[in-house]
Amino acid sequence: MQKKRWRKVVIVRKVLTFAIAAIALLALLYVHVQFPASEITKLPDKLPTQHESSYQKLSRERSWTQELGPPHLPKAPLAAHKLDVASRNWSLDKLWKPPPNRDYVPCVAPSPLYTSSPESRGYLLVHANGGLNQMRAGICDMVAVARIINATLVIPELDKRSLWQDSSNFSDVFDEDHFINSLENEIKVVKKLPKELASATKAVKHFRSWSGVDYYEEEIARLWDEYQIIRAAKSDSRLANNNLPPDIQKLRCRACYEALRFAPKIEAMGKMLVDRMRSYGPYIALHLRFEKDMLAFSGCTHDLSPEEADELKAIRENTTWWKVKDIDPVEQRTKGYCPLTPREVGLFLSALGFPINTPIYIAAGDIYGGDSHMSDLFLRYPLLMNKEKLASIEELEPFVNHASQLAALDYIVSVESDIFIPTYSGNMARAVEGHRRFLGHRKTINPDRRTLVRLFDKVDQGTMKDGKNLSNRIIEIHRRRQGSPRKRKGPISGTKGTDRFRSEEVFYVNPLPDCLCRKESSYTNNSHSIR
């Protein structure tokens, strides 16, 4: 019965979508308005040519990726129109304006107590696990660990067995030579083990999560007495976020933001995508985590059909390394644990005041359900772009079937965007936010999902209108959620053990105070010498 009712709702929604699209088409045919150049962002004469990707077949279900221009709007009376233009320009300037940086600049130089690379006691092998951004953080932590235990770091092995099934090696994703050369005064890095040690016995260890210097100096470094090679089975979250010597924290930042840059072909392609987005003016990078794997993992089913919810549940139950199987989707969403849906994103951006001609880069993989879930967002914001719209098949071909390399392109476009908005606080969202903070606190709007879903539910229930009142509420809620400088958050009061570490803000989300200093502040550093 419930499925029949849902099918009727779906049919009605499709009819309404078709009707809205027809009305918009008629408006395009019969209405023509000349906007003053000062009122809107100048757009190129045509959008980039759309190409069908050889690895992402685009169907009618993906019509939001098709080449469409923004619809024309009715003309206001002249006197009111001039006042409205001035008001709108002021509001737009305020929307795009970055938060005050308060004169914070990167300060990652080592202290006078920091010695050059110490003599190596052995080799550290690292298996970097997870997706791109989880691996990036883990690799940077392992640079610090190698320093602490006086190890020669062998170029890490990237995860090839995870959900993404990416065969990329380190040099396919990162600039290997730059990584080695940048760290020559910190630790020794080699591309592979010496031949004479290729078959030597290795100490394979799962380093304890969120560990401090004492753990590595006392428990792990002791292994050098018996082994020449230590292998880290995993790299994620193996180093504490806080309470480490200042020089170790600065080393993590040097590794992350200076040494570990992407391979030249990725950097070049990323720059090209940024330039093409900039041809439309200031743009938003929207990390839209409405992908099949994310929804299956989180158990979030809002705005999905019963059939789609069943499909995601089956994926979760059949994915052995996902430990939590029984999830209440309503409770998840109420607590703010679900990514915003494309429809909710449209409501959010409209409430903040972004106009219909705002260029938006979708930093994501395949959106679950395609146009059936993207139509609401597309009707509000037709300038939705992604890698496949900005580049040709030939340009993207080198990155095909390599999830980490494609994710790296999204990372670059997101870091360089005028505004970054993540719909869920995952590894990429955290990494991009931290990098943008390091580069001068570029504007990052973090949606308060728990509060937003309550407001959106009121709109759906008819107890609140999608208008000025909703807009004022949402603007006020997010006034202090735009990436302005602040110290990294510590653990939640009352938490203990592992839960205490989990509740901390991750080091790479906010490198302040360890790696950012005020310009007027004289250099002071209480670093301990790491020998």
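Above this text is the structure in question.
Numbers given for residues are sequential positions, taken from 1 along each chain in its written order. In keeping with the model being predicted, local features are shown solely for residues with a pLDDT of at least 70 and side-chain atom pairs are shown and tallied solely at 80 or more, while totals for entire chains, interfaces and linings include all residues. In computing side-chain values, all of the structure's heavy atoms are included and hydrogens and water are not.

Section: the overall build of the protein
So, step 1. Strands here are runs of E lasting at least two residues and helices are runs of H or I lasting at least four, both read from the DSSP assignment and numbered beginning at the N terminus. Across its full length, the protein holds 20 helices and twelve strands.
So, step 2. Considering the protein as a whole, with its 531 residues, one finds that 50% of them fall into the buried category.
So, step 3. Whether two residues are in contact is decided by their heavy atoms, any of which lying within 4.5 Å being enough. Put simply, of all contacts in the protein between residues at least 6 apart along the chain, 80% involve residues at least 24 apart.
So, step 4. Total accessible area computed for the protein in this model is approximately 26,400 Å², and 53% of it derives from carbon and sulfur atoms. Burial classification: accessible surface area is computed with a 1.4 Å probe over protein chains only, and a residue below 20% of its type maximum counts as buried, one above 50% as exposed, and the rest as partly exposed. Note on areas: Shrake-Rupley with a 1.4 Å probe; residue coverage comes only from the protein chains shown.

Re the pairing of strand β8 (residues 284-287)
In regular strands, side chains alternate between the two faces of the sheet.
So, step 1. A two-sided burial pattern is seen for β8, the buried positions comprising I284 and L286 on one face and A285 and H287 on the other.
So, step 2. Any two strands are treated as partners once DSSP identifies two or more bridges connecting them. Where β8 meets strand β9 (residues 360-362), three bridges bridge the pair, whose relative direction is parallel. Paired with I284 across the strands is I360, a residue of β9.
So, step 3. Two elements, β8 and strand β11 (residues 419-422), share four bridges in a ladder whose sense is parallel. In the sheet register, L286 faces β11, and the bridge partner there is I421.

Thoughts on the packing of aromatic side chains
Each aromatic ring pair is characterised by the separation of its centres together with the angle its planes make.
So, step 1. Pairing of aromatic rings covers Phe, Tyr and the six-membered ring of Trp, with a centre-to-centre limit of 6.5 Å; geometry is then stacked below 30 degrees between planes, edge-to-face above 60, and tilted otherwise. Tallied over the full model, the rule gives eleven aromatic pairs.
So, step 2. Centroid distance W96 to F354: 5.6 Å. Interplanar angle 75°. Geometry classified as edge-to-face. In this pair, W96 is assigned in helix α2 (residues 78-96) and F354 in the loop between α12 (342-352) and β9, connecting sequence segments 258 residues apart. Here W96 and F354 have matching classes, each one buried.
So, step 3. Aromatic pair F207 and Y216: ring centres 5.4 Å apart, planes at 85°, arrangement edge-to-face. Across this residue pair, the class does not change: F207 and Y216 are buried.
So, step 4. An aromatic cluster is defined as three or more aromatic residues linked by ring pairs; in this entry it consists of F170, F174, F179, F262 and Y411.
So, step 5. The ring of Y114 has R254 lying over it, and the distance from NZ or CZ to the ring centre is 5.4 Å. Charge-over-ring placement is defined geometrically: NZ (Lys) or CZ (Arg) within 6 Å of the ring centre, and within 35 degrees of the ring normal.

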